[in-house]
Amino acid sequence: QVHLVESGGGLVQTGGSLRLSCAASGSISSINAMAWYRQAPGKQRSLVAQMFNGGSTMYADTVKGRFTISRDNAKNTMYLQMNSLKAEDTAVYYCNLWPPRQDHWGQGTQVTVSS
């Protein structure tokens, strides 16, 4: 079982950028699909972006064109580059498999965008 740890969150102003990392305790090369999710205060956790092992990606409409998901199988790490951040991007961000597995949810990393 792979253990996932998110990092890279922080406080940033509107329009700024952050890059989140998801470090896996083991190899992710055999994992077909991984994803980033987020949970804003008072809201349910939602899918932000997915990446499949073949390289294809999918994004939520709210982040399309601003966020980029990537993975480095050699480093067992997945990334989320977030540009042009908006106040509504404020949330705790999590990585997991797609579909998500309950036993793979980590602590997440807080992203706060100030206007």
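Reading guide: rules and limits
Residues numbered from 1 in each chain as written. Predicted model: local features only at pLDDT ≥ 70, side-chain atom pairs only at ≥ 80, totals over all residues. Heavy atoms only, no water. Helix = DSSP H or I, 4+ residues; strand = E, 2+ residues; numbered from the N terminus. Rg over C-alpha atoms; globule rule 2.2 N^0.38 Å. Buried < 20%, exposed > 50% of the residue type's maximum accessible area, 1.4 Å probe, protein only. Salt bridge = Lys/Arg side-chain N within 4 Å of Asp/Glu carboxyl O. Core = buried A, V, L, I, M, F, W, Y, C linked by side-chain atoms within 4.5 Å. Contact = heavy atoms within 4.5 Å. Pairing = 2+ DSSP bridges. Axes fitted to C-alpha atoms, helices over the stretch in contact; angles between N-to-C directions.

In this section: the overall build of the protein chain. From N to C terminus, the protein chain includes zero helices and 10 strands. Scanning the protein chain from its N terminus toward the C terminus, one meets helices and strands in the order β-β-β-β-β-β-β-β-β-β. Computed over the C-alpha atoms, the radius of gyration of the protein chain is 13 Å, within 12% of the 13 Å expected from 2.2 N^0.38 for a compact globule of 115 residues. Overall size of the protein chain, expressed as C-alpha extent along the three principal axes, is 40 × 25 × 20 Å.

Turning next to unusual backbone geometry. Cis geometry is found at the peptide bond from Trp98 to Pro99, where omega equals -10°. Structurally, the position occupied by Pro99 is in the loop between strand E9 (91-97) and strand E10 (109-114). Even without a glycine there, the phi angle at Asn76 is positive, about 55°. Here Asn76 lies in the loop between strand E7 (67-72) and strand E8 (77-82). One non-glycine residue, Ser84, lies in the positive phi region at around 50°. Here Ser84 shows up in the loop between E8 and E9. By relative accessible area, which is 41% here, Ser84 ends up partly exposed.

Turning our eyes to something else, we now look at the pattern of salt bridges. Side chains that differ in charge, positive against negative, can pair when their charged atoms come close. Evaluated as defined, the whole model comprises four salt bridges. Between Arg38 and Asp89 there is a salt bridge, and its shortest N-O distance comes to 2.9 Å. Within this pair, whereas Arg38 is found in strand E4 (residues 33-39), its partner Asp89 is found in the loop between E8 and E9, the two being separated by 51 residues in sequence. Look at Arg38 and you get buried, because its relative accessible area is 10%. The partner of Lys64 in a salt bridge is Asp61, and the shortest N-O contact between them spans 3.0 Å. Asp61 matches Lys64 in its accessibility class, with the two residues each being exposed. Here the residues in one salt-bridge network are Arg38, Arg66 and Asp89, joined through shared partners.

For the rest of this paragraph, the subject is the nonpolar core. Nonpolar side chains in soluble globular proteins tend to be buried together. Core analysis: the largest hydrophobic core is formed by 28 residues, its most contacted members being Leu4, Trp36, Val48, Phe67, Leu80, Met82 and Tyr93. Contacts of Leu4, omitting those with residues within four sequence positions, involve Cys22, Ala23, Ala24, Met34, Cys95, Asn96, Leu97, His104 and Gly106.

This part takes up the sheet that holds strand E1 (residues 4-7). Adjacent strands of a sheet form backbone hydrogen bonds with each other and so pair up, either parallel or antiparallel. The four strands lie next to each other as E1-E3-E8-E7, forming an open sheet whose pairing is antiparallel. The outermost strands of the open sheet, each flanked by one partner alone, are E1 and E7. Taken pair by pair, the neighbouring strands of this sheet meet at an average axis angle of 15°, ignoring direction. In this sheet, strand E3 (residues 18-24) lies alongside E1 in antiparallel orientation, the contact comprising four bridges. The partner of Glu6 across the bridge, within E3, is Cys22.

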